[in-house]
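The primary structure of each chain is shown beneath.
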Amino acid sequence: QHQEAYQVILDGVKGSAKEKRLAAQFIPKFFKHFPHLADSAINAQLDLCEDEDVSIRRQAIKELPQFATGDNLPRVADILTQLLQSDDSAEFNLVNNALLSIFKMDAKGTLGGLFSQILQGEDIVRERAIKFLSTKLKTLPEEVMTKDVEEFILTESKKVLEDVTGDEFVLFMKILSGLKSLQTVSGRQQLVELVAEQADLEQTFNPSDPDCVDRVQQCTRQAVPLFSKNVHSTKFVTYFCEHVLPNLSSLTAPVEGVDIQLEVLKLLAEMSSFCGDMEKLESNLKKLFDKLLEYMPLPPEEAENGENAGNEEPKLQFSHVECLLYSFHQLGRKLPDFLTAKLNAEKLKDFKIRLQYFARGLQGYIRQLRLALQGKTGEALKTEENKIKVVALKITNNINVLIKDLFHIPPSYKSTVTLSWKPVQKADASQKRASEDTTSSSPPKKPSAGPKRDARQIYNPPSGKYSSNLGSFSYEQRGGFRGGRGRGWGGRGNRSRGRMY
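In this text, all values refer to a predicted model and were calculated from it rather than measured experimentally.

Rules used throughout
- Residues numbered from 1 in each chain as written.
- Predicted model: local features only at pLDDT ≥ 70, side-chain atom pairs only at ≥ 80, totals over all residues.
- Heavy atoms only, no water.
- Helix = DSSP H or I, 4+ residues; strand = E, 2+ residues; numbered from the N terminus.
- pLDDT = per-residue confidence, 0-100.
- Contact = heavy atoms within 4.5 Å.
- Axes fitted to C-alpha atoms, helices over the stretch in contact; angles between N-to-C directions.
- Left-handed = near helix turned anticlockwise from the far one by under 90°.
- Nonpolar A, V, L, I, M, F, W, Y, C, P; charged D, E, K, R; others polar.
- Salt bridge = Lys/Arg side-chain N within 4 Å of Asp/Glu carboxyl O.
- Buried < 20%, exposed > 50% of the residue type's maximum accessible area, 1.4 Å probe, protein only.

Visitor: How would you sum up unusual backbone geometry? Please name residues and give values.
Guide: Note that the residue after Ile409, namely Pro410, is joined by a cis bond; omega there is -10 degrees. One can find Pro410 in the loop between helix 19 (384-407) and helix 20 (429-437). The residue Asp200 is not glycine, and still its phi comes out positive at about 55 degrees. In this structure, Asp200 sits in the loop between helix 11 (185-199) and helix 12 (210-223).

Visitor: Hey, could you go over the confidence of the model for the chain for me, with residue numbers and the actual values?
Guide: Fine structural detail should not be taken from predicted coordinates in areas where pLDDT scores are low. Per-chain confidence: the chain averages 82 in pLDDT, with 82% of residues scoring 70 or above. Note that pLDDT drops below 50 for residues 427-487; the model gives that stretch 141 contacts with residues more than four away or on any other chain. In the model, residues 490-501 has pLDDT below 50 throughout and makes 37 contacts with residues more than four positions away in sequence or in other chains.

Visitor: Please give an account of the packing of helix 13 (residues 234-244) against helix 14 (residues 260-272) that cites residues and values.
Guide: For any two helices packed against each other, one specifies the inter-axial angle together with the distance between the axes. Viewed as axis vectors pointing N to C, helix 13 and helix 14 meet at an angle of 140 degrees, and their least axial separation amounts to 9 Å. When the axes of helix 13 and helix 14 are compared, the crossing they make is left-handed. On helix 14, the residues touching Phe236, Val237, Phe240 and Val244 of helix 13 are Val264, Leu267, Leu268, Met271 and Ser272. Partitioned by chemical class, the residues of the contact of helix 13 with helix 14 number eight nonpolar, one polar and no charged.

Visitor: I'd like a description of the pattern of salt bridges, backed by residues and values.
Guide: Under the definition given, this model contains 18 salt bridges. Salt-bridge contacts for Arg126 lead to Glu168; the nearest nitrogen and oxygen are separated by 2.9 Å. Placement of the pair is Arg126 in helix 8 (residues 123-136) and Glu168 in helix 10 (residues 166-177), with a sequence separation of 42 residues. The class of Arg126 is buried, set by a relative accessible area of 0%. Taking the relative accessible area as the measure of exposure, Glu168 reaches 9% and is therefore buried.

Visitor: So what's going on with the environment of Gln198? Residues and values would help.
Guide: Among the structural elements, Gln198 can be located in helix 11. In this structure Gln198 comes out as buried when scored by relative accessible area, which is 10%. Sequence spacing of Gln198 and Asp163 is 35 residues, and the spatial spacing of their C-alpha atoms is 9.6 Å.

Structure (structure tokens):
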């Protein structure tokens, strides 16, 4: 009944603009009454979605969810995903809203359409489908995002992760780490294993290949927030000690203007707190110790009259030393007799001389910084120069605390410090006592109102008594270029192109 009338409506897609507008409304309205004409109806609506008249396209897209019934839903999801390539903002928003509405009807069916295009669609469609998932999934209610749906997302994501760019990997980690079922200890462990696989920690590390350096750095950066006392970083820390540290000086930065050595050392420091039992602990601690020595200079030789014998005062690289010293302090806890039993007396004496020299320069620098920040509060601390001084004070205080620990006989590993670029954690009473016994690991109370991490800057200490042997202090922001490059790790292969409807 009325089949002929409905066929006339379907034929309206070939008519005038007015006929097309009516067809865009009436085809979906009566769609359910003519199941045997379903294919013809969907194809007719698709023609309208590609019409030259933007108002007709918008009307047709807006009505697409009405076709999403039963077996037709994955197909509609697939079509809507392809329509994400639209450059018309109103049209693009309509597609987003349509996808969200069918998500609430059948999440797995909708995801099937999205992932089908991510795996096989054109690059622009793939890119926008991934972005849709990364921004919209977290807005969906729990009754839509069931455990079964989350498992489907994980399974499909693993297929995509076999061939992704660096940026795509970062987005997928954002998608997966936001899933409720993966926020348990076993879920986080699963994610760490996924990252380790992506980082390809079994491969030979090539420091001169920017893609290789980028892959390890970006993957580790995604893994760091997942580590905890129950989810260990051992595999990553081992890889850094055995492969990255020995090649630190020859690392090729993936982008210009970044201190790649410092970026890598920061990642190592953050991971070192959560390292579990390590197979080659002594050997890796030795590699870490040797690298630390490179950044801890011996004092310049003095002439008989007590003046510098013409040698230049070495520059002290505070940011690098904070990272290395912190990592050594964390791993050293696992082998507390390393400095006394595993090193010969001559090496230990040499290390103490280096520590003493560094600490002497440090004290002068801390005094200058405290003097410069004295009495400054609120707005005064928000100037770029003072923000950097606050961070510099955190770094120098941290190094001071750690050096004091290592000067104990035997060396101690008890002090707790918060890395300078991390938000300060509230210490419990025992930690407060420990930091009072040494030197506070955070800046004086007034400057602590200071900034969070800020842009990459160079701070030159004020001239005067200590400036000559302190050099310049550089502070690099962590993750200042996160995910902005689109490097192809796996050189994504050619996929089929063209309309998939």
